[in-house]
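# Remarks on the overall topology
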Amino acid sequence: MAEITASMVKELREKTDAPMMECKKALTEAGGDMDKAEEILRVKLGNKATKAATRVAAEGVVGMYMSADGKLGAMVEVNSETDFVAKNDEFIALSKGCAELVATKSPADVAALSALPMGEGTVESTRAALVGKIGENMSIRRFERIAAQGKLASYVHGGSKIGVMVDLTGGDEQLGKDLAMHIAASKPKALDSTGVPADLLDTERRIAIEKAREAGKPEAMLEKIAEGTVQKYLKDVTLLGQVFVKAEDGKQTIEQLLKAKNAKVNGFTLYIVGEGIEKKVTDFAAEVAEQAAAAAAAAAAKK
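Described below are features of the structure shown in this document. Starting afresh in each chain, residues are numbered from 1 along the sequence in its written order. Two thresholds apply to this predicted model, a pLDDT of at least 70 for residue-level local features and 80 or more for giving and counting side-chain atom pairs, whereas whole-chain, interface and lining totals are computed over all residues. Side-chain numbers come from the whole structure's heavy atoms, not from hydrogens or water.

Secondary structure is summarised from DSSP: a helix means a run of H or I of at least four residues, a strand means a run of E of at least two, and numbering begins at the N terminus for each. Note on placement: Lys87 falls in the loop between α4 (83-86) and α5 (89-105). Note on classification: 1.4 Å probe, protein chains only; a residue is buried when its accessible area is under 20% of the maximum for its type, exposed when over 50%, partly exposed between these limits. The class of Lys87 is exposed, set by a relative accessible area of 59%. Definition of a polar contact: a pair of N or O atoms within 3.5 Å, with one able to donate and the other able to accept a hydrogen when the atoms are protein atoms, and with sequence-neighbouring residues admitted only if both atoms are side-chain atoms. A polar contact of 3.2 Å, which involves the side chain of Lys87, links it to the side chain of Asp83.

Note on pairing: two strands pair once DSSP finds at least 2 bridges between them. Strand order in the open sheet made by the three strands is β6-β7-β8, with antiparallel pairing throughout. Edge strands, defined here as strands with exactly one partner in the open sheet, are β6 (151-157) and β8 (264-272). Shown here is a sheet whose adjacent strand axes are inclined to one another by a mean of 15°, direction ignored. With seven bridges joining them, β6 and strand β7 (residues 162-169) adopt antiparallel strand pairing. From the neighbouring strand, Ala153 faces β7, where its bridge partner is Val166. The contact criterion used throughout is that any non-hydrogen atoms of two residues lie within 4.5 Å. Fitting a line to C-alpha atoms yields each axis, with helices limited to the stretch in contact; the angle taken between N-to-C directions then spans 0 to 180 degrees. Along the sheet, helix α8 (residues 173-186) makes contact with β6, β7 and β8, crossing β7 at roughly 140°.

Each Phe, Tyr or Trp ring, with Trp reduced to its six-membered ring, pairs with another whose centre is within 6.5 Å; inter-plane angles below 30 degrees give stacked pairs, above 60 give edge-to-face pairs, and intermediate values give tilted ones. Under the definition given, this model contains zero aromatic pairs. Definition used: whenever NZ (Lys) or CZ (Arg) falls within 6 Å of the ring centre and also within 35 degrees of the ring normal, the charge is taken to sit over that ring. In this arrangement the basic side chain of Arg142 is found over the ring face of Tyr271, its NZ or CZ atom lying 4.0 Å from the centre.

We now examine the packing of helix α9 (residues 198-214) against helix α10 (residues 219-237). Where α9 contacts α10, the axes come no closer than 8 Å and their chain directions differ by 135°. As summarised for this structure, α9 and α10 are arranged oblique, according to the angle between their axes. The crossing of α9 and α10 is right-handed. When α9 is examined against α10, the residues Leu200, Leu201, Glu204, Arg205, Ala208, Ile209, Ala212 and Arg213 are found in contact with a partner set consisting of Glu219, Leu222, Glu223, Ile225, Ala226, Glu227, Thr229, Val230, Tyr233 and Leu234. Asp, Glu, Lys and Arg are counted as charged, while Ala, Val, Leu, Ile, Met, Phe, Trp, Tyr, Cys and Pro are counted as nonpolar; the rest, among them Gly, fall into the polar class. Residue composition of the contact of α9 with α10, grouped by class: 11 nonpolar, one polar and six charged. Working definition: roughly parallel below 35 degrees, roughly antiparallel above 145 degrees, roughly perpendicular at 65 to 115 degrees, and oblique for all remaining angles. In a left-handed crossing the near helix is turned counterclockwise from the far helix by less than a right angle, and in a right-handed crossing that turn is clockwise.

Helix α7 (residues 123-134) packs onto α5 with a crossing angle of 170° between their chain directions and a minimal axis gap of 11 Å. Judged by the angle between their axes, α5 and α7 are roughly antiparallel. Counted together, Glu90, Phe91, Leu94, Cys98 and Leu101 of α5 and Val123, Thr126, Arg127, Leu130 and Lys133 of α7 form the full contact between these two elements. When grouped by side-chain class, the residues that make up the contact of α5 with α7 number six nonpolar, one polar and three charged.

Any carboxyl oxygen of Asp or Glu that lies within 4 Å of a side-chain nitrogen of Lys or Arg is treated as forming a salt bridge with it. Taken as a whole, this structure holds 16 salt bridges when the rule is applied. Between Arg142 and Glu275 there is a salt bridge, with its nearest N and O atoms 4.0 Å apart. Of the two residues, Arg142 sits in strand β5 (residues 138-147) while Glu275 sits in the loop between β8 and α12 (284-302), which places them 133 residues apart along the sequence. Among the salt bridges present, the one from Glu210 reaches Arg213, with a minimum N-O distance of 2.8 Å. Taken together, the residues span about one helical turn, with Glu210 and Arg213 both in helix α9 at a distance of three residues. In this structure, a network of salt bridges that share partners links the residues Glu59, Asp83, Lys87 and Lys161.

Checked against the element boundaries, Glu59 lands in strand β1 (residues 59-66). Engagement of the side chain of Glu59 in a polar contact is seen with the side chain of Lys161, the distance being 3.3 Å.

This part takes up the sheet that holds β1. Spatially, the three strands line up as an open sheet ordered β1-β2-β5, and their pairing is antiparallel. In this open sheet, the two strands that pair with only one neighbour each are β1 and β5. Neighbouring strand axes in the sheet, compared pairwise and without regard to direction, differ in orientation by 15° on average. Direction of pairing for strand β2 (residues 72-80) relative to β5: antiparallel, over a ladder of nine bridges. Within the sheet, the bridge partner assigned to Met75 lies in β5 and is Glu144. Across the face of the sheet, α5 comes into contact with β1, β2 and β5 while running at roughly 145° to β2.

For Ser160, which is not a glycine, the phi torsion comes out positive at approximately 65°. You can see Ser160 is positioned in the loop between β6 and β7. Phi is positive for Lys187, which is not a glycine, with a value near 50°. Mapped onto the fold, Lys187 is located in the loop between α8 and α9.

Structurally, the position occupied by Arg127 is in helix α7. On the basis of relative accessible area, Arg127 is assigned to the buried category, the value being 17%. Every residue in contact with Arg127, bar those within four places of it in the chain, is listed here: Leu94, Asn137, Met138 and Ser139.

Okay, structure coming up:
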């Protein structure tokens, strides 16, 4: 059996916010498999063990560009080390300039985008110069170019920490704005059930069966219970299945809203700054102590 180290327990606790002993028990049961251990905790503790999915650590902004006719758009995530730099005007201008280049030049990847002309040099030389000027590292993480079937609507939230573009056919400008705001708030994983990865559904089904089994439900009912859980999950994570955040009755789904407006969502793009990036946690007191010790040692060396 794999050795369960303190660092493994710490990592699982940071991902799930579960009690330390529960994390150790789950890792032991899972033979050291981190993903399996997280799944075990979800069976025991429910959705309290999904903290990692909503933890966004890295700083930066989502740069956006949209053509005047709403037919072409782009979103770019540019990361920085601190939120202070993410609010810098030149940093924001870099992100917006990159988004426009993505839309108009259609680069294949980040390397191709970095090589495109910008200002008196390239995107890369502009980024490097800004790093030198500010004294903090920054990087272009990802981008999406969107050629709309209908017309694009966009929304940014939280100082450009969340960016949304939605491709809408029919409806009106207000509907487009409402949908983009809903996506930013509810964070769907896909437009409908066909876009949800099969492994996510398998995980939900497996967890539902184990929870039902632990609750003493008859074996013959487990599959039916699991299917009900999966269907509820799909309503929660698909745009069309979600309840509209501005629904007056608290029940109208996005699918029902679109039908009432004679409109159709062709697709959407949602960027959350730092999503999936684990940020280095700094022990400020230890850092200060280390700097003070280094200064004292340097002073002693001069004597």
